[in-house]
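Structural description and commentary
Listed below, chain by chain, are the residues.
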Amino acid sequence: MAEELKQVADLITANTIFCTKEVLTSDEAARYLGISKSYLYKLTMKQAIPHYKPMGKMCYFNRVELESWLQSNRVATADEISQQAQTYCMRKGGKR
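Here we summarise the structure given alongside this text. (Residues numbered from 1 in each chain as written. Predicted model: local features only at pLDDT ≥ 70, side-chain atom pairs only at ≥ 80, totals over all residues. Heavy atoms only, no water.)

**Observations concerning unusual backbone geometry**
Negative phi is the rule for most residues except glycine; trans is the rule for most peptide bonds. This is how the line gets drawn: Runs of E in the DSSP output that reach at least two residues are strands. Runs of H or I that reach at least four are helices, and both are numbered from the N terminus. Here's how the labels work: a residue is buried when its accessible area is under 20% of the maximum for its type, exposed when over 50%, partly exposed in between, all with a 1.4 Å probe on protein chains only.
For glutamine 47, which is not glycine, the phi dihedral falls at a positive 55°. Positionally, glutamine 47 belongs in the loop between helix 3 (37-45) and strand 2 (60-62). The class of glutamine 47 is exposed, set by a relative accessible area of 69%.

Here is the structure:
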């Protein structure tokens, strides 16, 4: 019972960190993004994800920037694409 309570407390603490902490370590960022730490390192090496290296070795991540990065490549729904196509055809009048 005590072990289960400790696990629940650890879970609550970990989730609270993500809501309140602005700067995340590599471990925290990987958990926050739901990816492996090795994949996170691959993204940093490709300079595909925003990160900071204040002392040249340790990587740190800004939580708000990670959220923006996650939402950066939105894929339109089929309905949105259909609407855009209809709008385009109406503006052009069906002419080439």
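**As for the side chain of asparagine 62**
For clarity, the cut-off: As used in this structure description, the phrase polar contact means that two N or O atoms lie within 3.5 Å; if the pair is within protein, one of them must be able to donate a hydrogen and the other to accept it, and residues adjacent in sequence are counted only when both atoms belong to side chains. Only heavy atoms matter for contacts: two residues are in contact if any of them lie within 4.5 Å across the pair.
Residue placement: asparagine 62 occurs in strand 2. Within the local environment of asparagine 62, its side chain forms a polar contact with the backbone nitrogen of glutamate 65, the two atoms lying 3.1 Å apart. The residues contacting asparagine 62, other than those within four sequence positions of it, are Glu22 and Tyr52.

**Some words on the nonpolar core**
Note the cut-off: Only buried residues count toward a nonpolar core, which is a set of Ala, Val, Leu, Ile, Met, Phe, Trp, Tyr and Cys residues joined through side-chain atoms within 4.5 Å.
Counting residues in each nonpolar core, the largest one holds ten residues, listed as Leu24, Ala29, Ala30, Leu33, Leu40, Leu43, Ile49, Cys59, Phe61 and Leu66. Every element with two or more residues in this core is listed here: helix 2 (26-33) and helix 3. If one sorts the elements of this core by residue count, helix 2 sits on top with three residues. Apart from the residues within four sequence positions on either side, phenylalanine 61 is in contact with Glu22, Val23, Leu24, Thr25, Ser26, Ala29, Leu40, Thr44, Ile49, Pro50, His51 and Leu66.

The values reported here are purely geometric and, on their own, carry no functional implication.
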